[in-house]
Amino acid sequence: MGGGGKGSHAIIASSLDPIPTAGRRFTGGRGLFITFEGPEGSGKSTQLLSLAARLRQQGWAVLETAEPGGTPIGLQIRRVLLDAKNRELRPTTELLLMFAARAQNVDQWILPALSDGQIVLCDRFTDSTLVYQGVGRGLGSEVVYELDRIACRGLAPDLTLVIDIDAETGLERAKLRNREENAIETRMEDQEAAFHARVREAYRRLAEDEPERVRLIEGDRPIKVVAEAVWAQVEPLLARRASP
Ligand code: TMP
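All figures in this text were calculated on a predicted structure; none of them were measured in a lab.

Asker: Account for the overall build of the chain, naming residues and giving values.
Answerer: Helix and strand content of the chain: eight helices and five strands. Along the chain, from the amino end to the carboxyl end, the secondary structure elements read β-α-β-α-α-β-α-α-β-α-α-β-α. The buried share of the chain, taken over its 244 residues, is 44%. The contacts in the chain between residues at least 6 apart in sequence include a share of 82% that link residues at least 24 apart.

Asker: Talk me through the sheet that holds strand 1 (residues 32-37); I want residue IDs and the actual numbers.
Answerer: Ordered by their spatial adjacency, five strands build an open sheet running 2-3-1-4-5, and the pairing between neighbours is parallel. The open sheet has two edge strands with one neighbour each: strand 2 (62-66) and strand 5 (214-218). Strand after strand, the sheet turns through a mean of 20° between neighbouring axes, direction not considered. Looking at chain direction, strand 4 (residues 159-164) and strand 5 are connected through five bridges and run parallel. Looking at the pairing, Thr160 lines up with Val214 of strand 5. On top of the sheet, helix 1 (residues 44-57) reaches strand 1, strand 2, strand 3 (119-123) and strand 4; it is set at about 165° to strand 3, its chief contact.

Asker: Outline the site of the ligand, listing residues and values.
Answerer: By nearness alone, every residue bordering the ligand is listed as Glu40, Ala66, Glu67, Pro68, Leu82, Met98, Arg124, Ser128, Thr129, Tyr132, Gln133 and Met188. The greatest single-element share of the shell around the ligand, amounting to four residues, is contributed by helix 4 (residues 126-136). Classifying every residue of the shell around the ligand by side-chain character gives six nonpolar, three polar and three charged.

Asker: Talk me through the nonpolar core; I want residue IDs and the actual numbers.
Answerer: Counting residues in hydrophobic clusters, the biggest one holds 54 residues, and the most contacted among them are Val62, Ile119, Val120 and Leu121. Excluding anything up to four places from it in sequence, Leu121 contacts Ile34, Leu48, Leu51, Ala52, Val62 and Glu64.

Asker: Can you lay out helix 5 (residues 141-152) for me, pointing to particular residues and giving the numbers?
Answerer: Along its twelve residues, helix 5 runs 16 Å from first to last C-alpha, staying within 8% of the 16 Å computed at 1.5 Å per residue. Here helix 5 has its buried residues at Val144, Leu147, Asp148, Ala151 and Cys152. The buried side chains of helix 5 occupy one side of the element, clustering within an arc of 110° when seen end-on. For helix 5, the exposed residues set more than 90 degrees away from the buried face come down to Glu142, Glu146, Arg149 and Ile150. The inward-facing, buried residues of helix 5 abut helix 3 (91-115) and helix 4.

Asker: Lay out unusual backbone geometry in plain terms, naming residues and giving numbers.
Answerer: Cis geometry is adopted by the peptide bond preceding Pro68, which originates at Glu67 and carries an omega value of -10°. Tracing the backbone through its elements, the reader meets Pro68 in the loop between strand 2 and helix 2 (72-82). A positive phi angle, near 80°, is found at Arg124, a position not held by glycine. Looking at the secondary structure, you find Arg124 in the loop between strand 3 and helix 4. Residue Arg124 is classed as buried on the basis of its C-beta count, with 23 C-beta atoms lying within 10 Å. Notably, Arg153 is not glycine yet its phi reads approximately 50°, a positive angle. If you trace the backbone, Arg153 turns up in the loop between helix 5 and strand 4.

Thresholds, definitions, all that
- Residues numbered from 1 in each chain as written.
- Predicted model: local features only at pLDDT ≥ 70, side-chain atom pairs only at ≥ 80, totals over all residues.
- Helix = DSSP H or I, 4+ residues; strand = E, 2+ residues; numbered from the N terminus.
- Buried ≥ 20, exposed ≤ 12 C-beta atoms within 10 Å, placed from the backbone.
- Contact = placed C-beta atoms within 7 Å.
- Pairing = 2+ DSSP bridges.
- Axes fitted to C-alpha atoms, helices over the stretch in contact; angles between N-to-C directions.
- Near = placed C-beta within 6 Å.
- Nonpolar A, V, L, I, M, F, W, Y, C, P; charged D, E, K, R; others polar.
- Core = buried A, V, L, I, M, F, W, Y, C linked by C-beta atoms within 7 Å.
- Expected span 1.5 Å × (residues − 1).
- Arc of directions from axis to C-beta.

Written out as structure tokens, the structure reads:
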């Protein structure tokens with residue numbers, strides 16, 4: 001991902017690779033949909049990769065995807081959304097493009113994988129739009145729910161892991177990474193500190209409002225410790241699924 005700001009992280013899912021299905025474990029019935037959320041620099045993408053590897057080691061069939069991005073078309077939309085040069089992009093345009101990328105991802109990858117019984121791990125989903133555009137940009141939640149109904153057609157995550165981090169600490173991490181990678185997809189990180197503080201608070205409120213689905217995980221700890229906290233949330237869901 002040269003200039004993408006995410007190092008080797010697959011904004012386009014590795015699931016396009018022809019992974020042999022023989023010997024893979026499927027969840028039985030509808031698959032499992034797990035999303036990762038968090039402010040800038042929370043480490044959620046690293047955690048998603050680590051969870052995908054652990055699940056695959058156990059033989060589970062996993063699709064990794066990300067938003068905005070995911071599909072090849074979503075990736076083109078991502079470039080428009082995150083290119084630091086696009087300073088004139090309006091909040092409503094931003095909102096609609098986020099959902100355009102999501103609609104493509106839901107239709108092309110996520111729903112087919114779920115009907116196939118796979119575990120889908122998505123790096124951000126509608127909760128990001130709720131906190132970044134709904135709260136951060138002040139567009140409100142109603143319009144987000146309305147577009148979600150159109151783009152996702154009732155699809156909601158079974159589990160959402162919010163990797164929580166102090167907004168300033170996370171932003172410093174993200175900016176350091178961007179500098180190291182010479183990233184150009186920095187339009188969101190370039191927003192003012194107050195914007196990122198609103199985002200972080202909105203995530204924390206979301207976890208309070210929907211404790212069944214949304215779990216807050218303290219991100220300012222060693223990667224392995226956070227990974228264990230992630231696993232502790234995911235394992236019980238697997239136990240209820242089909243075994244090999
Ligand atoms: P990423 O760096 O985690 O891939 O996310 C890209 C940026 O896009 C990040 O700043 C969060 C932002 N974003 C939104 O503002 N709304 C959304 O709906 C999504 C999915 C991401």
